[in-house]
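# Observations on the model geometry
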Amino acid sequence: MVYAKALCVPDTQSVDAPDGTRLTAARDRIRRRNGLPPMTTNTRLNEKQAANPYVEVDKILAEFNTPQIQCETDSGIATIPLAEEVSFGSWQPEIPEEYWALEADELEQRIRSARARLGEQVVILGHHYQREDIVQFADERGDSFALAQYAAERGESPYIVFCGVHFMAEAADILAAPHQQVILPNIEAGCSMADMAAAPDVYSAWRELEEFFGSTDDIIPVTYMNSAASLKAFCGEHGGVVCTSSNAVKVLEWAFEQGKRVFFFPDQHLGRNTGHAMGIPLDEMVLWNWRRPAGSLGGLAPDQLEGSRIILWQGHCSVHQRFSLKQIEQARQHFPDVQIVVHPECRFEVVQAADANGSTAFIARYVAEAPAGSVIGVGTEINLVSRLAKENPDKTVFCLDPVVCPCSTMYRVHPAYLAWVMESLERGEVVNRIEVPEAIKANAKIALERMLALK
Ligand code: 13P
Ligand code: SF4
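Per-chain numbering applies: the sequence of each chain, read as written, is numbered from 1 onward. Key to labels: chains lettered from A, ligands numbered from 1, both in the order written. Restriction of local features to residues with pLDDT of at least 70 applies here, the model being predicted, together with a cutoff of 80 or more for giving and counting side-chain atom pairs; totals for whole chains, interfaces and linings are based on all residues.

Once that is clear, we can look at the sheet that holds strand S14 (residues 339-342). Strand order in the open sheet formed by four strands is S15-S14-S16-S17, and the pairing between neighbours is parallel. Looking at the sheet topology across the chains shown, the edges are occupied by strand S15 (356-357) and strand S17 (396-399). Strand pairing is defined by DSSP finding a minimum of two bridges between the two strands. Helical segments are the DSSP runs of H or I of at least four residues, strand segments are the runs of E of at least two, and each set is numbered from the N terminus. Note that strand S16 (residues 375-379) and S17 share four bridges and pair parallel. Paired with Ile376 across the bridge in S17 is Val397. Helix H18 (residues 382-391) contacts S16 and S17 of the sheet and is inclined by roughly 170° relative to S17. Residues are defined as contacting one another if the C-beta atoms placed from their backbone atoms lie within 7 Å. To get an axis, fit a line to the C-alpha atoms, keeping to the stretch in contact for a helix; angles then go from 0 to 180 degrees between the N-to-C directions.

Okay, here's the thing in structure tokens:
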């Protein structure tokens, strides 16, 4: 079943209405606030319509006078007080009472005032997936590589307010100058992919590999930036490195100069897509299922491991796994001249069927540099896609998945949290500091600096 025009917020209170419509209490409350009707049967597509959802989405969007195919989360959904949003997510509770009920205008005005008063004391970094009501305050906007680089190179402001997710703020803390403190507005803003690689599971897999091969001297651990600081430290300690989606080929080339095999975590898709781009056959990239009991070689047969060049951790991004080959086929059917650009966290077949793939910064550049009149289908998080659509009004930019959801953890950085951390700084109080323990920091820095040194 395909829903069009869904307000893509985490779906925690869904119920099936008697007429078969799936209603979501929190979602409908927000729709009402934004002057939209609740989802009803006419926003659900039947089987025939679902075969070509773009037609239906076009119609529905026309009804709301929205120019492009996109999830409405992005198309002007107003900021609502934290107290109302909190009903559908996992949010940091210990924020002072006064911030819960603040309306959009007041929040914006208070953040701007705090920003002005703090001046050079603070720099606000914003990842491309942050919502509009946060990104507007960012002094620097970028992909995870650019933001890490910024933290490593710019030591002026004593406070870095990182509007992104936990692993990004950790990387900034590792790379920042000693006098700088990194703040994550909502401590609950994590990454479900990073959570798929728990340090004890990775250490245990490493021990199994050591036992199987007799040594790990020839295996280079490579962790995607989307991982805990402890895993970056593990890589630093074991001759490995960190990569991001913007430098994965370069990093893997370096890794294969150091050893025979790569142990890549946590994103299987980025690892496989990168390995394939380097000419490594698919059967030489094996999948380590960390859910298997210790001692079972991650579910791999000995000859698979023997013949492997990349051992991929079985992790994925739930947002990017939603993109499918079928969506690309439908987009090409509907718009014969469409260009498809996707993030390399998408599945192998999706990346293969796309015209281009790359980091969030790459995607933004791709759209900006496309000639006027281009039609571009994008496979990445909806806040970025809709921003690109707005910033490029001479092009048709749409999300490949008409019901795609935002990254729900990035979304947790609500303006109320930003107002709280900024106003606390004004009082000289640092809240939500992300501080990687020194014992982890040193080795994690080695792995990050190896990455930053690759030209
Ligand atoms: P980028 O490094 O491309 O910004 O990606 C970060 C991320 O989390 C993508 O899901
Ligand atoms: Fe993590 Fe996916 Fe969100 Fe990126 S989009 S922060 S990988 S959950």
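Further notes follow.
This next bit is on the site of ligand 2. By nearness alone, every residue bordering ligand 2 is listed as Val165, Cys191, Ser192, Met193, Asn226, Cys317, Val319, Glu345, Glu381, Cys407, Thr409 and Met410. Think of it as three bins: nonpolar holds Ala, Val, Leu, Ile, Met, Phe, Trp, Tyr, Cys and Pro, charged holds Asp, Glu, Lys and Arg, and polar takes everything else, Gly as well. Classifying every residue of the shell around ligand 2 gives seven nonpolar, three polar and two charged. By convention here, the C-beta atom is placed from the backbone, and a residue is near a molecule or strand when that atom is within 6 Å of it.

Before going further, it helps to spend a moment on helix H10 (residues 199-213). By definition here, a helix of n residues has an expected span of 1.5 Å times n minus one. Between the first and last C-alpha of H10 there are 21 Å, a value that for 15 residues agrees with the 21 Å anticipated at 1.5 Å per step. With C-beta atoms placed from the backbone, a residue counts as buried when 20 or more other C-beta atoms lie within 10 Å of its own, as exposed when 12 or fewer do, and as partly exposed for counts between those limits. Buried within H10 are the following residues: Val202, Ala205 and Leu209. Buried positions in H10, seen along its axis, are confined to an arc of 60° and lie on one side of it. Residues of H10 that are exposed and angled more than 90 degrees away from the buried face: Pro200 and Glu211. At its buried positions, H10 is contacted by strand S9 (219-224), helix H11 (229-237), strand S11 (261-265) and strand S12 (285-288). Two residues or fewer after H10 comes Gly214, characterised by a positive phi angle close to 85°. An arc is given here, and it is the one of the directions from the helix axis to the C-beta atoms.

Turning our attention to the site of ligand 1. In the vicinity of ligand 1, the contacting residues are His128, Asp143, Ser144, Phe145, Asn226, Thr244, Ser245, Cys317, His343, Glu345, Ser359 and Thr360. Each residue belonging to the shell around ligand 1 can be placed in one class, and the counts come to two nonpolar, eight polar and two charged.

Moving on: the environment of Arg347. Note on placement: Arg347 falls in the loop between S14 and helix H16 (348-353). Along the backbone, Arg347 and Leu325 are 22 residues apart, and their C-alpha atoms lie at a distance of 9.0 Å. Excluding anything up to four places from it in sequence, Arg347 contacts His269 and Gln321.

Packing of helix H12 (residues 248-258) against helix H13 (residues 268-277) brings their axes to within 10 Å, and their N-to-C directions diverge by 75°. Regarding the angle of H12 to H13, the classification is roughly perpendicular. Contacts between H12 and H13 pair Ala248, Val249 and Leu252 from the former with Leu270, Thr274, Gly275 and Ala277 from the latter. Looking at the contact of H12 with H13, its residues break down into five nonpolar, two polar and no charged. By the definition adopted for this analysis, an angle is roughly parallel if under 35 degrees, roughly antiparallel if over 145, roughly perpendicular if from 65 to 115, and oblique otherwise.

Our next topic: the sheet that holds strand S18 (residues 433-434). Read across the sheet, five strands follow the order S6-S5-S7-S8-S18 without closing on themselves; strand pairing throughout is mixed. Two strands lie at the open edges of the sheet, namely strand S6 (140-142) and S18, each paired on one side alone. Note: strand S5 (residues 122-127) against strand S7 (residues 159-163), five bridges, orientation parallel. Note on S7: the bridge partner recorded for Val122 is Tyr159.

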